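Per-entry structural report
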Amino acid sequence: MKNILIVENEDELAENIQDLLSHLGYRTDSTLKNADEVLNYLKTETPDLILRDILLDGGTDGIELTNQIRKSMNIPTVFITAYSDLNFLERVANVPNEGYILKPFSKERLQSTLFLAFRSFEDKILSPKKRTLQIRDRGHIVSLLEDEILYLKADGLYTKVFTKERQFTMRDILKDVMNHLPEERFIRVHKSYIVNLPYIYSLNSKELVVEQHVIPIRRGYYKTLKAKIIDFKERSS
């Protein structure tokens, strides 16, 4: 019997969801309300799926919590939300997840969402796809392969993403975009720049070169960056 962790700050709704899951044949050992409770729980437990609201108690919402968890654990996630506007959907598209379900929902809707979530997660494990960064471009969501990205540059409240062919602009600050990228490959070499390690052509103590682009390196970071490049090449060989 699969164990589903419920993360919901509304007690009545959490109880209703727990009842629905029980009728659908799932086990629910815990119902938690905020990010701290979830992170502490995951130190000793590994649920088969996390059914998580976006709005939680405390300063960390469900989307940011998902980013934190996926850095160290690969647990499928389904979001619960009352929101369906484009800005919200764009945030959801930029975090790893197996689906979302709009409130209010029926037992049948929950059943189908969970079935598809588990199937999607299993397919990803059996046939892993190249990871992508979701970018909104001229009203459309573009899935940009991480292999295509050369580097990213902060531009106020926006982030510019550079590929060999063109430049994209994301409506997120650089710090938030960094959360969507694998830290073993994308390195923040300066407060305004993130680079894709395989594309670093040369470097010195002050700057590096990526496809003819000269990018500054923060003071004192040269030795650390050089070690990261060596480590990445050894792991990729």
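Please refer to the structure placed before this passage.
Quick notes on the rules
Residues numbered from 1 in each chain as written. Predicted model: local features only at pLDDT ≥ 70, side-chain atom pairs only at ≥ 80, totals over all residues. Heavy atoms only, no water. Pairing = 2+ DSSP bridges. Helix = DSSP H or I, 4+ residues; strand = E, 2+ residues; numbered from the N terminus. Axes fitted to C-alpha atoms, helices over the stretch in contact; angles between N-to-C directions. Buried < 20%, exposed > 50% of the residue type's maximum accessible area, 1.4 Å probe, protein only. Phe/Tyr/Trp six-rings, centres within 6.5 Å; stacked < 30°, edge-to-face > 60°. Lys NZ or Arg CZ within 6 Å of the ring centre and 35° of its normal.

Attention now goes to the sheet that holds strand 13 (residues 200–203). Strands sit in the order 13-14-15 across an open sheet of three strands; the sheet is antiparallel. Edge positions in the open sheet fall to strand 13 and strand 15 (213–216), since each of these has one partner strand only. This sheet shows a mean twist of 30° between the axes of neighbouring strands, independent of strand direction. Pairing of strand 13 with strand 14 (residues 207–210) involves three bridges; the strand directions are antiparallel.

Our next topic: unusual backbone geometry. A cis amide bond links Lys103 with the next residue in sequence, Pro104, at an omega value of -15°. One can find Pro104 in the loop between strand 5 (100–102) and helix 5 (107–126). With a phi angle near 75°, Gln212 is a residue other than glycine that sits in the positive phi range. Considering the arrangement of structural elements, one finds Gln212 in the loop between strand 14 and strand 15. A relative accessible area of 74% places Gln212 in the exposed class.

Counted according to the given criterion, the structure contains three aromatic pairs. Measuring from ring centre to ring centre gives 6.1 Å for Tyr26 and Phe118, while their planes differ by 20°; the resulting arrangement is stacked. Taken as a pair, Tyr26 in the loop between helix 1 (11–23) and strand 2 (31–32) and Phe118 in helix 5 lie far apart in primary sequence, 92 residues in all. For the pair shown, Tyr26 and Phe118 are each scored as buried. For the ring pair Tyr151 and Tyr193, a centre distance of 6.2 Å and an interplane angle of 40° mean the geometry is tilted. Placement of the pair is Tyr151 in strand 8 (residues 149–155) and Tyr193 in strand 12 (residues 193–196), with a sequence separation of 42 residues. Taken together, the aromatic side chains of Tyr151, Phe162 and Tyr193 make up a single cluster linked through ring pairs. Over the aromatic face of Phe168 sits the side chain of Arg166, whose NZ or CZ is 4.1 Å from the ring centroid. Against the face of Tyr221 rests Arg218, its NZ or CZ located 3.9 Å from the ring centre.

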